[in-house]
Amino acid sequence: MAKILLGKEAEKMLRLPAAKSEYVKNSAHMVKIAKRFHFPLVLKIISNKAIHKTEIKGVRIVDDESELRKNYIEIAKTARRLKGKIMAQEFVSGRELIIGIKKDPVFGHAIMFGIGGTLVEALRDVTFRICPISASDAESMIDELKYKQIIYGFRGEKPANVNQIKSILVKVSKLPVRNKKITELDINPLIANDKAAKIVDVRIRI
């Protein structure tokens, strides 16, 4: 069984920081959410049939109420076709990272970390460890990445909050200890900037 977690639900189950998210009931409700979350705002389709949302234009970043209404109409059509829901989410800027858990029949649960978002399949810049890991393991995982400067900062950019990334990696690696039924977990992306790191999308298979 695959479960999609977002917002408060993700924070509660995973005990990890997640972007504020809320399912949209209708256009009026959407406007109310925008006033609470503020612009820019992200609209996205939540459906088991929409694994790669960007390929179906299932993720929209809107900057004002006019864009919000226009994009809501468009994305609602796709959501109905896929029998999915529409999620409104606070916009989080930063580096897009990926964290995964997979249960190996021989070694047990392993954690994967790397450069995520839409670049994950193109770059294939990931590293692995057996769960659970320590803070030093998390640091070495970051340092093993070919494109680690994306995290540490380059060309005058501030580095991402490395301490929080390491903390999240350690906590995620301990999730299978709390729940041995987890067979797969996919956090993509975890968005990190110089202030914080937040989960934007996570899927768990039990």
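Within each chain, residues carry numbers counting from 1 in the order of the written sequence. Note on the predicted model: pLDDT of at least 70 is required for a residue's local features to be given, and 80 or more for side-chain atom pairs to be given and counted; whole-chain, interface and lining totals, by contrast, use all residues. For the side-chain quantities, the full set of heavy atoms in the structure was used; hydrogens and water were omitted.

K.L.:
For this particular structure, what's the right way to read the overall build of the chain?
P.N.:
Under the DSSP-based scheme used, a helix requires at least four consecutive residues in state H or I and a strand at least two consecutive residues in state E, with every element numbered from the N terminus. Helix and strand counts for the chain come out as eight helices and eleven strands. Radius of gyration: over C-alpha atoms. The globule rule applied is 2.2 Å multiplied by the number of residues raised to the 0.38 power. Over its C-alpha trace the chain gives a radius of gyration of 17 Å, about what one expects of a compact globule, namely 17 Å for 206 residues. C-alpha atoms of the chain, sized along the principal axes, occupy 50 × 45 × 30 Å. Accessibility here uses a 1.4 Å probe with only protein chains present; expressed as a share of the type maximum, an area under 20% marks a residue as buried, one over 50% as exposed, and anything in between as partly exposed. Scored against the burial criterion, the 206 residues of the chain give a buried share of 48%.

K.L.:
It is not clear to me how the pairing of strand β5 (residues 85-90) should be interpreted in this structure. Could you clarify?
P.N.:
Both faces of the sheet carry side chains from a regular strand, because those side chains alternate between them. Extensive coverage of β5 is indicated by the burial of five of its six residues. If DSSP finds at least two bridges between two strands, the strands pair. Sheet topology note: the strand β2 (residues 21-23)/β5 ladder contains three bridges and is antiparallel. Looking at the pairing, Y23 lines up with M87 of β5. In terms of strand pairing, strand β3 (residues 41-46) meets β5 through six bridges, oriented antiparallel. Its bridge partner being in β5, K44 is matched across the sheet by M87.

K.L.:
So what exactly am I meant to see when it comes to the packing of helix α2 (residues 27-37) against helix α3 (residues 65-81) here?
P.N.:
Between two packed helices, both the angle of their axes relative to each other and the distance between the axes serve to describe the pair. Where α2 meets α3, the axes come as close as 11 Å, and the angle between the chain directions of the two elements is 140°. In this structure, the crossing between α2 and α3 has a hand that is right-handed. Judged by residue contacts, S27, M30, V31 and A34 of α2 engage E65, L68, R69 and Y72 from α3. Class assignment of the residues belonging to the contact of α2 with α3 gives a composition of five nonpolar, one polar and two charged. Inter-axis angles, ranging from 0 to 180 degrees, are taken between N-to-C directions of lines fitted to C-alpha atoms, where helices are fitted over the stretch in contact. When the near helix sits turned anticlockwise from the far one by under a right angle, the crossing is termed left-handed; a clockwise turn instead gives a right-handed crossing. Should any heavy atoms of two residues lie within 4.5 Å, those residues are counted as being in contact. Under this grouping Gly is polar, as are all residues other than the nonpolar Ala, Val, Leu, Ile, Met, Phe, Trp, Tyr, Cys and Pro and the charged Asp, Glu, Lys and Arg.

K.L.:
Explanation requested: a nonpolar patch on the surface in the structure shown.
P.N.:
Exposure above 30% relative accessible area and no salt bridge define the residues that can form patches, which grow by joining like charges within 9 Å and nonpolar side chains of Val, Leu, Ile, Met, Phe, Trp and Tyr within 5 Å. Accessibility throughout is a Shrake-Rupley quantity obtained with a 1.4 Å probe, and a residue counts as covered only by protein chains that appear here. By salt bridge we mean one thing: a side-chain nitrogen of Lys or Arg within 4 Å of a carboxyl oxygen of Asp or Glu. Together, V106, F107 and I130 make up a nonpolar patch on the protein surface, roughly 350 Å² of accessible area in all. Along the chain, I130 turns up in strand β8 (residues 126-130). On the accessibility criterion, I130 (43% relative accessible area) is partly exposed.

K.L.:
Teacher, can you tell me more about α2 here?
P.N.:
Helical periodicity: at 3.6 residues per turn, an α-helix aligns residues three or four positions apart in one direction. Within the sequence span of α2, burial applies to H29, M30, V31, I33, A34 and F37. Along its buried surface, α2 packs onto β2, β3, α3 and β5. Pairs of N or O atoms are called polar contacts if they sit within 3.5 Å, as long as, within protein, a hydrogen donor faces a hydrogen acceptor (for residues adjacent in sequence, only side-chain-to-side-chain pairs). Two to three positions downstream of the cap, the backbone nitrogen of A28 sits 3.2 Å from a side-chain oxygen, assigning the N-cap of α2 to N26. Positive backbone phi, at 75°, marks H38, one or two positions downstream of α2.

K.L.:
Quick question: what am I supposed to make of the environment of A110 here?
P.N.:
Summarising the element assignment, A110 is placed in strand β7 (residues 108-115). Taking the C-alpha atoms as reference, A110 lies 42 Å from E67; in sequence the two are 43 residues apart. Residues within four places of A110 in sequence aside, it is in contact with G100, I101, K102, R129, I130 and C131.

K.L.:
I keep staring at the confidence of the model for the chain and nothing clicks. Help me out?
P.N.:
Any segment with low pLDDT has predicted coordinates that should not be analysed in fine detail. pLDDT is defined as a per-residue confidence score from the predictor, taking values between 0 and 100. Across the chain, the average pLDDT comes to 90, with 93% of residues at or above 70. Here strand β1 (residues 2-5) stands out as the element of the chain with the lowest mean pLDDT, 68, in contrast to helix α5 (residues 135-144), whose mean of 98 is the highest.

K.L.:
In this structure, what is going on with the pairing of β3? I would like to understand it.
P.N.:
Where burial is concerned, most of β3 is hidden: six out of the six residues are buried. Side-chain alternation along β3 places L41, L43 and I45 on one buried face and V42, K44 and I46 on a second face that is also buried. Across four bridges, β3 lies against strand β4 (residues 59-62) in antiparallel orientation. Residue pairing for β4: V42 is matched across the bridge by I61.

K.L.:
What is the right way to read the sheet that holds β4 from this model?
P.N.:
By definition, the strands of a sheet pair up through backbone hydrogen bonds, in either a parallel or an antiparallel sense. Here four strands make up an open sheet; going across it, the order is β2-β5-β3-β4 and the pairing antiparallel. Bordering the open sheet on either side are β2 and β4, each of which pairs with just one other strand. The mean angle between the axes of side-by-side strands here comes to 25°, regardless of whether they run parallel or antiparallel. Against the sheet, α2 touches β2, β3 and β5, its axis set at about 170° to β2.

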